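# A look at the structure
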Amino acid sequence: MKISEDMVNKHGLRFKESAVIFDENEPADQMYLILSGKVGIHKKVKEAFKLLIELKEGDMFGEMALVDRKPRSARAIAKTDVLLFAITESVFYNLIQTNPSFSLKMVKMLSSRLRETNQTIASLLKGDRKNIVTSALITFAQTRGEQEDGQYKVHLAAFMKWAILRVGLEHADLVSAINLLVKDKMVEQPKNDPSHILIRETFFKYTLDQ
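Notes on the structure in this doc start here. What you see is a predicted model, and the numbers here were worked out from it, not measured in a lab. (Residues numbered from 1 in each chain as written. Predicted model: local features only at pLDDT ≥ 70, side-chain atom pairs only at ≥ 80, totals over all residues. Heavy atoms only, no water.)

### Describing the overall build of the chain
Stated formally: Per the convention used, a helix needs a DSSP run of H or I reaching at least four residues, while a strand needs a run of E reaching at least two, with both numbered from the N terminus. Summary of the burial criterion: residues with accessible area below 20% of their type's maximum are buried, those above 50% are exposed, and those between are partly exposed, where the area comes from a 1.4 Å probe applied to protein chains only. The contact rule is simple, with two residues in contact once any of their heavy atoms fall within 4.5 Å. To measure how exposed things are, a 1.4 Å probe is used in the Shrake-Rupley method; for residues, cover is taken only from the protein chains shown.
Along the chain, the regular secondary structure elements total 8 helices and 11 strands. Taking all 210 residues of the chain together, 37% fall into the buried category. Across the chain, every contact between residues at least 6 apart in sequence was considered, and the portion connecting residues at least 24 apart equals 69%. For the chain, the accessible area works out to roughly 12900 Å², and carbon and sulfur atoms hold 52% of it.

### Description of the sheet that holds strand β7 (residues 75-78)
Applied cut-off: When DSSP locates at least two bridges between a pair of strands, those strands are taken to pair. Angles here are taken between N-to-C directions and fall from 0 to 180 degrees, while the axes themselves are lines fitted to C-alpha atoms, restricted in helices to the stretch in contact.
On the basis of which strands lie adjacent, the open sheet formed by 4 strands has the order β2-β7-β4-β5 and antiparallel pairing. Single-partner strands in this sheet number two, and they are β2 (20-22) and β5 (48-55). On average, each strand axis in the sheet is inclined to that of its neighbour by 35°, with strand direction left out of account. With 7 bridges joining them, strand β4 (residues 39-45) and β5 adopt antiparallel strand pairing. Looking at β5, one finds that H42 is bridged to L51.

### Here's the deal with the packing of helix α6 (residues 156-164) against helix α7 (residues 171-183)
The condition is simple: Any angle that falls under 35 degrees is termed roughly parallel, while one over 145 is termed roughly antiparallel, one within 65 to 115 roughly perpendicular, and all others oblique. Crossing handedness: left-handed means the near helix sits turned counterclockwise from the far one by under a right angle, and right-handed means the same turn made clockwise. Think of it as three bins: nonpolar holds Ala, Val, Leu, Ile, Met, Phe, Trp, Tyr, Cys and Pro, charged holds Asp, Glu, Lys and Arg, and polar takes everything else, Gly as well.
Orientation of α6 relative to α7, taken along the N-to-C sense of each, is 125°, at an axis distance of 10 Å. Taken together, α6 and α7 sit at an angle that is classed as oblique. As for how α6 packs across α7, the hand of that crossing is right-handed. Across from L156, F159, M160, A163 and I164 in α6, the residues of α7 making contact are H171, L174, V175 and I178. The class makeup of the residues in the contact of α6 with α7 is 8 nonpolar, 1 polar and no charged.

### Quick notes on the sheet that holds strand β9 (residues 146-148)
Spatially, the 3 strands line up as an open sheet ordered β9-β10-β11, and their pairing is antiparallel. Of all strands in the sheet, those with a lone pairing partner are β9 and β11 (196-200), marking the two edges. Each strand of the sheet is rotated relative to its neighbour by a mean of 25°, with strand direction disregarded. Of the strands in this sheet, β9, β10 (151-155) and β11 are in contact with helix α5 (residues 129-144), which crosses β10 at around 100°.

### With respect to the packing of aromatic side chains
How we decide: Pairing of aromatic rings covers Phe, Tyr and Trp, the last counted by its six-membered ring, and requires centre-to-centre distances within 6.5 Å; plane angles under 30 degrees mean stacked, over 60 mean edge-to-face, and any other angle means tilted. Any Lys NZ or Arg CZ that is within 6 Å of a ring centre and within 35 degrees of that ring's normal is treated as a charge sitting over the ring.
The final tally for this structure, using the stated rule, is 8 aromatic pairs. Seen from their ring centres, F92 and Y93 are 5.1 Å apart, and the 75° between their planes marks the pair as edge-to-face. The buried category is assigned to F92, whose relative accessible area is 3%. Since its relative accessible area comes to 31%, Y93 is described here as partly exposed. Between the NZ or CZ atom of R72 and the centre of the ring of F22, over which it lies, the distance is 4.0 Å. The ring of F49 has R75 lying over it, and the distance from NZ or CZ to the ring centre is 3.9 Å.

### Focus: the pattern of salt bridges
As a reminder, the rule being used: Salt bridges are identified by distance alone: a Lys or Arg side-chain nitrogen within 4 Å of an Asp or Glu carboxyl oxygen.
All chains considered together, the criterion is met by 5 salt bridges. Between E54 and K38 there is a salt bridge whose closest N-O contact spans 3.9 Å. With E54 in strand β5 and K38 in the loop between β3 (30-36) and β4, the pair connects residues that are 16 residues apart, well separated along the chain. Judged by relative accessible area, which is 41%, E54 ranks as partly exposed. K38 gets classed as partly exposed once you look at its relative accessible area, which sits at 39%. Between R200 and E188 there is a salt bridge whose closest N-O contact spans 3.3 Å. Of this pair, R200 sits in strand β11 while E188 is found in the loop between α7 and β11, placing the two residues 12 residues apart along the sequence.

That is the geometry; function is a separate question.
Here's what the structure looks like:
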């Protein structure tokens, strides 16, 4: 897709390094082609923004807002001084219908972006595995645990099998997180019965207050 100087003068946008190009949940009416510089796409996780991907000259971003007409799903920040070419909805659909090379580039870009985002999300999940496993333990204990004397008894193997299918973590990650919970004395794994985990009812209140 060739961009003439006249087109840049008409539709070009410049942002200084660290400037927010658009924010998460903002309404959207255009996507962007990077003519120069780098852009970071960030997603809010809890109270902090995590970098999902860094884009460079020739890359496009912001396209999903035009496809599904929903607010921005992430924040875009200029990693350097950048020059962008803005593509409105009408121009976008015209290019899709009349420019096969543009359509092919869009398909390849979306496929690659999805793969990279999935890998990043998986990494984020692993980094927060203690909290994820804590939440999963609460759910499992309340629905499948044995309640007695102010605590829940959870069969470890049954929980592991259940959690692997539901929380997106591998067996080793689950074991590591459970070991951390035991070490921090948030749950108990009896030495005479290591096949079970004991969860006191106070554990539920503690986690809800965090």
